[in-house]
Amino acid sequence: MGETPNVFSDSFSYERGSVRGEPVAHKAGARELGGTLYELQPGSQDIPLHIHHALEELLVVLSGTPTLRTLDEERELRPGDVVAFPRGRRGAHAVINRSAEPVRYLMLSTKSMPEVLEYPEQGTVRVLTRAPFDPPSPDGDPEDVLRLVFDRSAAKEEPPRR
């Protein structure tokens, strides 16, 4: 069993601009479930609007009033709100803090790998064979880990097989 992380702690493992994150599920010992605590400062966004093609996510708002963007709408969330993001275009999302106070939320996910993420507004695709917080396998080959980003327009569409 791992540590006992607390979603109300002010300890975060990484900071990127005005976004802080803590891999709480990994630290608690989860192997098949991902869970990251995020804190967004006023005026910030977690990551651009994106689509997961392998994993499903669940957002739980802990504090603040984040704005949820999808392909179809924007709406304000409040503490206690829970939103599911299925795989594919129906689950496209971005979380933005347009309020004057910090926003804190927990993002839970399946850990289906490899993962393909699509960023429709940037026209890019990201391919991962290991989740960002997963430590390297002690007996694994570092060459087996892929973290690629490419321009979707440069990719060739494979015709359907008949």
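Please refer to the structure placed before this passage.
Novice: Outline a nonpolar patch on the surface, listing residues and values.
Specialist: A cluster of nonpolar side chains, contributed by Leu 146, Leu 148 and Phe 150, occupies part of the molecular surface with about 240 Å² of accessible area. Relative to the helices and strands, Phe 150 resides in strand β13 (residues 147-151).

Novice: Describe the pairing of strand β3 (residues 33-40), and please don't skip the residues or the numbers.
Specialist: Burial of β3 is extensive: seven of the eight residues sit out of reach of the surface. Inspection of the sheet shows β3 paired to strand β10 (residues 103-110) by eight bridges, in the antiparallel sense. Bridging across to β10, Leu 40 finds its partner in Val 103.

Novice: Requested: an account of the environment of Glu 115, with residues and values cited.
Specialist: Mapped onto the elements of the fold, Glu 115 is located in strand β11 (residues 115-119). The contacts of Glu 115, once residues within four sequence positions are left out, are His 52, His 53, Ala 54, Leu 55, Arg 126, Val 127 and Leu 128. There is a polar contact of 3.4 Å between the side chain of Glu 115 and the backbone nitrogen of His 53. Of the polar contacts made by the side chain of Glu 115, one reaches the backbone nitrogen of Ala 54; its length is 2.8 Å.

Novice: Go over the environment of Ser 13, please, and point to the residues and values.
Specialist: By secondary structure assignment, the location of Ser 13 is in the segment before β1 (14-16). Beyond its immediate chain neighbours, meaning those up to four positions away, Ser 13 contacts Gly 21, Glu 22, Pro 23 and Lys 27.

Novice: Residues and numbers for the sheet that holds strand β2 (residues 19-22), please.
Specialist: Read from one edge to the other, the open sheet built from six strands follows the order β1-β2-β3-β10-β5-β8, with strand pairing classed as antiparallel. The sheet terminates laterally at β1 and β8 (82-85), the two strands that pair on one side only. Each neighbouring strand pair of the sheet contributes to a mean axis angle of 25°, computed without reference to strand direction. By the bridge criterion, three bridges tie β1 to β2 in an arrangement that is antiparallel. Bridge pairing in β2 links Tyr 14 to Gly 21.

Novice: Could you give me a rundown of the nonpolar core, with the residues and numbers involved?
Specialist: In terms of nonpolar packing, the biggest core is built from 13 residues, with Leu 40, Leu 59, Leu 77, Phe 85, Tyr 105 and Met 107 touching the most fellow members. Those elements giving two or more residues to this core turn out to be β3, β5 (57-63), β8 and β10. The element that contributes the greatest number of residues to this core is β10, accounting for three residues. Not counting residues up to four positions away in its chain, the partners in contact with Met 107 are Gly 34, Gly 35, Thr 36, Tyr 38, Glu 57, Leu 58, Leu 59, Phe 85 and His 93. In this structure, Val 7, Phe 12, Leu 37 and Leu 106 belong to the second largest nonpolar core, which totals five residues.

Novice: Describe the pairing of β8, naming the residues involved and giving the relevant values.
Specialist: The alternating pattern of β8 places Val 83 and Phe 85 on a buried face, while none of Val 82 and Ala 84, on the opposite face, is buried. Note that β5 and β8 share four bridges and pair antiparallel. Within β8, the residue paired with Leu 58 across the bridge is Ala 84.

About the criteria used
Residues numbered from 1 in each chain as written. Predicted model: local features only at pLDDT ≥ 70, side-chain atom pairs only at ≥ 80, totals over all residues. Heavy atoms only, no water. Patch = residues over 30% accessible without salt bridge, like charges linked within 9 Å, V, L, I, M, F, W, Y side chains within 5 Å. Areas by Shrake-Rupley, 256 points an atom, 1.4 Å probe, with all protein chains shown as cover. Salt bridge = Lys/Arg side-chain N within 4 Å of Asp/Glu carboxyl O. Helix = DSSP H or I, 4+ residues; strand = E, 2+ residues; numbered from the N terminus. Buried < 20%, exposed > 50% of the residue type's maximum accessible area, 1.4 Å probe, protein only. Pairing = 2+ DSSP bridges. Contact = heavy atoms within 4.5 Å. Polar contact = N/O pair within 3.5 Å; in protein donor to acceptor, adjacent residues only side chain to side chain. Axes fitted to C-alpha atoms, helices over the stretch in contact; angles between N-to-C directions. Core = buried A, V, L, I, M, F, W, Y, C linked by side-chain atoms within 4.5 Å.

Function cannot be inferred from these measures alone, as they are strictly geometric.
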